[in-house]
Amino acid sequence: MNGHEIVYLDDVGLRLGNTIILREAKLSLGPGEKVGLLGPNGSGKTTLLRIIATLLQPTSGSGAVLGAEIGTQDVYEIRNRIVMVGHLPGLWPELTLGENTELVARLSGRSPEVAADALAQVGLARASERRADQSSKGMLRRAELARALILEPTLLLLDEAHAGLDAEAIGMVDTIANRVVAGGGAVMLVSHEPDRLNVHRSVQLVDGTLEMVS
């Protein structure tokens, strides 16, 4: 580690009981990088992403995210600089899309106008009064992208972010990712469809081992 990496993993492994999920993973993401993470379903991609997001502690190895050593209390200081868009939307189902994004803005010290602008940017201005539990999967995905716009993360982690999106919304994913890297941040995009990724380089998980993609 040279002190400039946004993500640095050194021989990180994860074992659940007798099952090895990850083995000796090495990874480095620097400022301005977009990296793809490939692998079949069940290969451990989401697990690795959760470790990078500091939501899951590995059982072996070491590393740091945004300068905070993983597995230590320091990670709580940098989590507000990380946004992870996962398989399941991080929305309150009983709130409208507008209320959800406004809450994110308020909790992060931003104005409600920022939330309204983010919804408009992802094409949900006219759907702001729709409850999350009455919204389509594509609309929920767009609302998650609005959350990323509001929070302006240094590290953006996208788990199958293109799933359930139309062509226009897929372009929004690239626009938001490009905005993060243009600001000196880093992006990791998980997919089992490499043709959808617009990244600088890719790595893949094979039998729990992280490998470079040629």
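Read on for an overview of the structure. Keep in mind that what you see is a predicted model, and the values were worked out from it rather than measured. (Residues numbered from 1 in each chain as written. Predicted model: local features only at pLDDT ≥ 70, side-chain atom pairs only at ≥ 80, totals over all residues. Heavy atoms only, no water.)

Let us now look at the environment of E33. Following the sequence through the fold, E33 ends up in the loop between β2 (19–29) and β3 (34–38). In sequence terms E33 and G67 are 34 residues apart; their C-alpha atoms lie 17 Å from each other. Residues within four places of E33 in sequence aside, it is in contact with S28, V181, G185, A186, V187, H200 and R201. Of the polar contacts made by the side chain of E33, one reaches the backbone nitrogen of G30; its length is 2.7 Å. A polar atom in the side chain of E33 sits 2.8 Å from the side chain of R201. (Helix = DSSP H or I, 4+ residues; strand = E, 2+ residues; numbered from the N terminus. Contact = heavy atoms within 4.5 Å. Polar contact = N/O pair within 3.5 Å; in protein donor to acceptor, adjacent residues only side chain to side chain.)

Time to look at the sheet that holds β3. An order of β6-β7-β8-β3-β9-β10 is seen for the six strands of this open sheet, with the pairing classed as mixed. A strand with exactly one partner marks an edge of an open sheet, and here the two such strands are β6 (82–85) and β10 (209–212). Between one strand axis and the next, the sheet turns through 20 degrees on average, direction left out of account. Across four bridges, β6 lies against strand β7 (residues 155–159) in parallel orientation. Each residue of the ladder has a partner; that of V85, found in β7, is L158. Against the sheet, helix α4 (residues 137–151) makes contact with β6 and β7, and its axis sits at roughly 175 degrees relative to β6, the strand it touches most. Of the strands in this sheet, β3, β7 and β8 (186–190) touch helix α5 (residues 167–182), which is tilted by about 150 degrees from β8. (Pairing = 2+ DSSP bridges. Axes fitted to C-alpha atoms, helices over the stretch in contact; angles between N-to-C directions.)

Moving on to the pattern of salt bridges. Summed over all chains, the structure comprises seven salt bridges. Between K26 and D11 there is a salt bridge whose closest N-O contact spans 3.0 Å. One end of the pair, K26, is in strand β2; the other, D11, is in strand β1 (residues 7–16), with 15 residues separating them in the sequence. With a shortest N-O distance of 2.8 Å, E33 and R201 are connected by a salt bridge. Residue E33 is found in the loop between β2 and β3, and its partner R201 is found in strand β9 (residues 201–206); the two are separated by 168 residues along the sequence. Here R201 falls in the partly exposed class, since its relative accessible area comes to 22%. Bridged by salt links that share partners, the residues D10, D11 and K26 form one connected network. (Salt bridge = Lys/Arg side-chain N within 4 Å of Asp/Glu carboxyl O. Buried < 20%, exposed > 50% of the residue type's maximum accessible area, 1.4 Å probe, protein only.)

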